[in-house]
Amino acid sequence: MDALEKLRELLPEEQFEKVKAIDNPELHAFLAEWIEWLEPGKVFVCTDSEEDEQYVRWKALYYGEEKMLETPNHTVHYDNYYDQARDKANTKLLVPGGKEIPFLNTKDRDEGLKEIKELMKGVMKGKELFICFFVLGPKNSIFTIPAVQLTDSAYVAHSEFILYRKGYEEFKRLGRNAKFFRFVHSAGELDERKTSKNLDKRRIYIDLVDDTVYSVNTQYGGNTIGLKKLAFRLTIQKAVKEGWLSEHMFLMRVNGPNGRKTYFTGAYPSMCGKTSTAMIPWENIVGDDLTFILPVNGVARGANVEKGVFGIIQGVNPEDDPIIWKVLHSPVEIIFSNVLVKDGKPYWNEMGIEIPDEGENHSGKWWRGKKDKEGNEIPPSHKNARFTVSLEHFPNVDLEALENPCGVEVGGMIFGGRDKDTWPPVREAFDWKHGVITMGASLESETTAATLGKEGVRAFNPMAILDFMSVPLGEYIENYLRFGEKLRKTPKIFAVNYFLRDENGKWLNHKLDKAVWLKWMELRVHGDVDAIETPIGYIPKYEDLARLFKEVLNKEYSREDYEKQFTIRVPELLAKIERIEKIYREKVKEVPEELFQVLEEERRRLLEAREKYGDYISPFAFESD
Ligand SMILES: Nc1nc2c(ncn2[C@@H]2O[C@H](COP(=O)(O)OP(=O)(O)O)[C@@H](O)[C@H]2O)c(=O)[nH]1
Ligand SMILES: C=C(OP(=O)(O)O)C(=O)O
Ligand SMILES: [Mn+2]
């Protein structure tokens, strides 16, 4: 029997008509196979209509995966107490023969498929399956990748409607020509709080051969939202094959003098500042997490893969994040996850206002002082608690850039991480290669609550992408280096560090200082200010920063602060080069030779500087050179 006939048997008339309208036998075969396998009690196919989206929203409430809050259009969703972050250990790339690839968590494809299929057999009995169509990137553009999501979680489907552009019409338009990604998710059995129960059987398996990702027994967005971090593994593979970049980067507009618009991307590991940077009130957000960058006529053009934000809510307060704060307090559609709720109002850690002493949170009924099974005190909200909202609701969104089918020209690319003692707050690479190697490929960052496991451990995290890497690292870096050669004008590369600390562990910078670094980088992209040459790149001159601090934040910036922050820390920098070189020499295969050359040159410059000035070198010393 052909797939369409089978679908006619499996689906009620109205739903069948919706899939039949898409002329794609491959899609029909995929749907027929999985509907039969998952054995849902009911199936709903979502078109792009407002009605179908409304149906999904309503089902999230009906099935108890979300609850209404006091403000209209606000809901709250909870994940299991032990399902609050990405599960790296159980996220695996399925590769033929189970080939081991350094730093990648691989598994034999046949074995993995067998295991996941067993876990998913009949998993949707008595549940409703939602079949949804979306696209990655702007519609009908050089960036567009269609994707179909199967899920029994109305919360996951609802999140995707907020975060991605609808794709049903695009599937219809493309018909048989659609090369599409597939996502199959089941939250599995739920407990009385409607959270995934069988966490010991939580699996996220990425089939790189069939562009399909399976996710089961989990609800946390980072493990389940197909088009987000799951699709990311597939797009990295595609980008490296085709010679473009698929990156863990925000995309934003920084406003320069006389109305000049300069676009920046920024790659920082999860929980290291992408969303908060892209959201600086007086600049303009295009995206906060995932960016595609294509070479178009010798120019790097970037587009946001998404159209919404799945952002960390902890620490959002009216002073530092006035825009997010306002959006979160307006009656636009928002899903709050894993926050404290009391009398229909959401609360989160470090929100700058008083928080009630009891309510409901990610641990169930909560009171101050409540401890978990491990004896740890449970805070009001989880550190990785989030908000999900469409970008259209942000007053500072650059809608034109968001929807442009050709994307925007990327003027600068920024790399950064949680680093307490090595990198200065901002610096510029000498050139593309220097930036890609000493900033991107050498990135290290302390682990955070965005992944399960210990926090605060310094870890190698090239391009902030290691958790999502789906090709051998050497190939990925090679593609980056070659990408620059396709361009007439390469974007300038910068590195930032928002997380420097003093001897007593106190932050050396305020959260909004990054706004000044952005303005400086914008000026540098256009050659408007000079900079100081150091062994590790160009750093800002004190006078320029002092002027910008005054202009941007109306703050005095002292020479002492500048000197402390921008001191070149030779011992730490040399130790870092050692660590990075060792990793690439001993653990990574087929590393482009130029990586070692560039690191060696950097080491030599640092050693020469140490000869001349000592271990800790004031930026003023280089200036008077
Ligand atoms: N100390 C410090 N914390 C920051 C800064 N910027 C952001 N954060 C915190 O870092 C965490 C994660 O930030 P977010 O922008 O959501 O990271 P993302 O996961 O990369 O998008 C939040 O708890 C922020 O409050 C900063 O400049 N300094
Ligand atoms: C969704 C995530 O994104 P980020 O923390 O980078 O915003 C995640 O890492 O799970
Ligand atoms: Mn984010």
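Reading the values: rules and limits
- Residues numbered from 1 in each chain as written.
- Chains lettered and ligands numbered in written order.
- Predicted model: local features only at pLDDT ≥ 70, side-chain atom pairs only at ≥ 80, totals over all residues.
- Heavy atoms only, no water.
- UniProt positions renumbered as here; feature names shortened; annotations may be inferred.
- Helix = DSSP H or I, 4+ residues; strand = E, 2+ residues; numbered from the N terminus.
- Axes fitted to C-alpha atoms, helices over the stretch in contact; angles between N-to-C directions.
- Parallel < 35°, antiparallel > 145°, perpendicular 65-115°, else oblique.
- Contact = heavy atoms within 4.5 Å.
- Nonpolar A, V, L, I, M, F, W, Y, C, P; charged D, E, K, R; others polar.
- Near = heavy atom within 4 Å.
- Polar contact = N/O pair within 3.5 Å; in protein donor to acceptor, adjacent residues only side chain to side chain.
- Areas by Shrake-Rupley, 256 points an atom, 1.4 Å probe, with all protein chains shown as cover.
- 1 Å grid on protein atoms, 1.4 Å probe; cavity = no way out; pocket = protein on both sides within 12 Å on 5 of 7 lines; lining within 4 Å.
- Sits in = over half its atoms within 2 Å of the grid points.
- Domains from an automatic or database assignment.
- Buried area = accessible area lost by both parts, 1.4 Å probe.
- Salt bridge = Lys/Arg side-chain N within 4 Å of Asp/Glu carboxyl O.

- Looking up the chain in an unreviewed UniProt entry gives the name Phosphoenolpyruvate carboxykinase [GTP], with the organism given as Thermococcus gammatolerans.
- As recorded by UniProt, the Function (unreviewed entry) comment attached to the chain reads in full: "Catalyzes the conversion of oxaloacetate (OAA) to phosphoenolpyruvate (PEP), the rate-limiting step in the metabolic pathway that produces glucose from lactate and other precursors derived from the citric acid cycle."
- Listed under Catalytic activity (unreviewed entry) in UniProt, the entry text for the chain is "oxaloacetate + GTP = phosphoenolpyruvate + GDP + CO2".

**Remarks on unusual backbone geometry**
Step number 1: With a phi angle near 70°, asparagine 73 is a residue other than glycine that sits in the positive phi range.
Step number 2: Although it is not a glycine, phenylalanine 103 adopts a positive phi angle of roughly 75°.
Step number 3: Inspection of the secondary structure puts phenylalanine 103 in the loop between β4 (91–95) and β5 (106–108).

**What to know about the packing of helix α13 (residues 432–440) against helix α19 (residues 593–613)**
Step number 1: As a packed pair, α13 and α19 sit with axes 10 Å apart at the nearest point and diverge in direction by 85°. On the basis of the axis angle, α13 is roughly perpendicular to α19. Contacts from Lys433, His434, Ile437 and Thr438 of α13 reach α19 at Glu594, Leu595, Val598, Leu599, Glu602 and Arg605.
Step number 2: When its residues are assigned to classes, the contact of α13 with α19 shows four nonpolar, two polar and four charged.

**Considerations on the site of ligand 2**
Step number 1: Around ligand 2 sit Arg86, Tyr220, Gly222, Lys228, Lys229, His248, Ser270, Met271, Lys274, Asp289, Phe310 and Arg386, and those are all the residues in its vicinity.
Step number 2: Arginine 86 places a side-chain nitrogen or oxygen 2.9 Å from an oxygen atom of ligand 2.
Step number 3: Note that an oxygen atom of ligand 2 is positioned 2.9 Å from one of the side-chain N or O atoms of lysine 274.
Step number 4: For ligand 2, the protein covers 98% of the area, taking 290 Å² as the surface of the free molecule.
Step number 5: Counting atoms within 2 Å of the grid points, the majority share of ligand 2 lands in the largest pocket.
Step number 6: Split by domain, the residues of the shell around ligand 2 number at least three in each of domain 1 (3–66 + 81–242) and domain 2 (246–306 + 401–623).

**Description of the domain arrangement of the chain**
Step number 1: Here the domain parsing of the chain yields domain 1 (3–66 + 81–242), domain 2 (246–306 + 401–623) and domain 3 (310–392).
Step number 2: Summarising the inter-unit geometry, the C-alpha centres of domain 2 and domain 3 are found 30 Å apart.
Step number 3: For the pair domain 2 and domain 3, the summed buried surface comes to about 1,100 Å²; carbon and sulfur atoms form 66% of the total.
Step number 4: One salt bridge connects glutamate 455 with lysine 383, and the closest N-O pair in it is separated by 2.8 Å.
Step number 5: Remark: the boundary between domain 2 and domain 3 carries two residue pairs in polar contact (both at pLDDT 80 or more).

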